[in-house]
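Descriptive analysis of the structure
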Amino acid sequence: MSRGHRAKVLSYLDLAVQEGAEVLAGGGIPDLGEDLARGAWIEPTVWTGLDNSCRTVREEVFGPVAALIPFDTEEDAIGLANDTEYGLAASVWTSDLTRAHRVAQAMNVGLSWVNTWYLRDLRAPFGGTGRSGIGREGGKHSLHFYTETTNVCVAL
């Protein structure tokens, strides 16, 4: 993370508080001592008290932040997950493997993790849906993603 990106993420943290968030953990720059002072660190941050209408919930922050939003039913959870223009990845946490598969497949995302996060086999396709990118990368998909095909037609 660059200092410019850190400033962007910190602006989202400020916005979350303006939108009414209660910060449960994190929310700032950690003091990691002189050896790491030049880094662009941000404390992992968790907040609650916001709903899906807030920018800090709807947009991709790309920082160590998480908004906690309660739900009552599986359908509510899927509805919340799909109520966005973005769809890079999601995590389903449950002890019910049948439910995990059902919910993971119902979310409009490019990658669904079950009881984990950021576990990747680089040979598997990766990429989002909606405004979270185009195409797939990873493994043989990278060859297609980074290839520009040209069709040359010649009349003889």
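Quick summary incoming for the structure in this document.

How each quantity is defined
- Residues numbered from 1 in each chain as written.
- Predicted model: local features only at pLDDT ≥ 70, side-chain atom pairs only at ≥ 80, totals over all residues.
- Heavy atoms only, no water.
- Helix = DSSP H or I, 4+ residues; strand = E, 2+ residues; numbered from the N terminus.
- Rg over C-alpha atoms; globule rule 2.2 N^0.38 Å.
- Areas by Shrake-Rupley, 256 points an atom, 1.4 Å probe, with all protein chains shown as cover.
- Pairing = 2+ DSSP bridges.
- Axes fitted to C-alpha atoms, helices over the stretch in contact; angles between N-to-C directions.
- Contact = heavy atoms within 4.5 Å.
- Patch = residues over 30% accessible without salt bridge, like charges linked within 9 Å, V, L, I, M, F, W, Y side chains within 5 Å.
- Salt bridge = Lys/Arg side-chain N within 4 Å of Asp/Glu carboxyl O.
- Buried < 20%, exposed > 50% of the residue type's maximum accessible area, 1.4 Å probe, protein only.
- Core = buried A, V, L, I, M, F, W, Y, C linked by side-chain atoms within 4.5 Å.

**What to know about the overall build of the chain**
The helix and strand tally for the chain stands at five helices and seven strands. When its helices and strands are written in sequence order, the chain yields α-β-β-α-β-α-β-β-α-β-β-α. Computed over C-alpha atoms, the radius of gyration of the chain comes to 19 Å, more than 25% over the 15 Å expected from 2.2 N^0.38 for 156 residues, which places it beyond the range of a compact globule. Its C-alpha atoms give the chain principal-axis dimensions of roughly 70 × 45 × 30 Å. Roughly 10800 Å² of accessible area belongs to the chain as shown, and the carbon and sulfur atoms make up 55% of that amount.

**Section: the sheet that holds strand β1 (residues 22-25)**
The sheet built from three strands is open, its strands ordered β1-β2-β3 with mixed pairing. With partners counted over all chains shown, the strands left at the sheet margins are β1 and β3 (65-68), one partner each. Neighbouring strand axes in the sheet, compared pairwise and without regard to direction, differ in orientation by 30° on average. As paired strands, strand β2 (residues 45-48) and β3 are joined by four bridges and run parallel to one another. Among the inter-strand pairings, W47 is bridged to a residue of β3, identified as A67. In this fold helix α1 (residues 3-18) packs onto β1, β2 and β3, with an angle of close to 20° to the strand it touches most, β2.

**What to know about a nonpolar patch on the surface**
A surface patch of nonpolar side chains, amounting to about 270 Å² of accessible area, comprises L32, L36 and W41. Within the fold, W41 resides in the loop between β1 and β2. Given the relative accessible area of 39%, W41 is considered partly exposed.

**A look at the environment of R6**
With respect to the element layout, R6 can be found in helix α1. Residue R6 is classed as buried on the basis of its relative accessible area, which comes to 11%. If we skip the residues at most four places from it in the chain, R6 touches M1, I29, G39, A40, W41 and I42.

**Some words on the pattern of salt bridges**
A complete count under the given rule lists four salt bridges for this structure. Of the charged contacts, one joins R55 and E59 as a salt bridge, the two residues approaching to 3.0 Å between their closest N and O atoms. A relative accessible area of 43% means that R55 is categorised as partly exposed. Across the pair E74 and R102 runs a salt bridge whose closest N-O atoms are separated by 2.7 Å. With E74 in helix α3 (residues 74-82) and R102 in helix α4 (residues 97-106), this pair connects stretches of sequence that are 28 residues apart. What you see here is one network of salt bridges that share partners, running through E74, R99 and R102.

**Structural notes on the nonpolar core**
Across soluble globular proteins, you tend to see nonpolar side chains buried next to one another. Within the largest apolar cluster, ten residues are counted, these being V9, Y12, L13, A16, A21, I42, W47, L50, C54 and V61. Beyond its immediate stretch of four places on either side in the chain, I42 contacts M1, R6, V9, L10, L13, G28, P30 and P64. One finds I78, V92, A100 and A104 within the second-largest nonpolar core, a separate group that totals eight residues.

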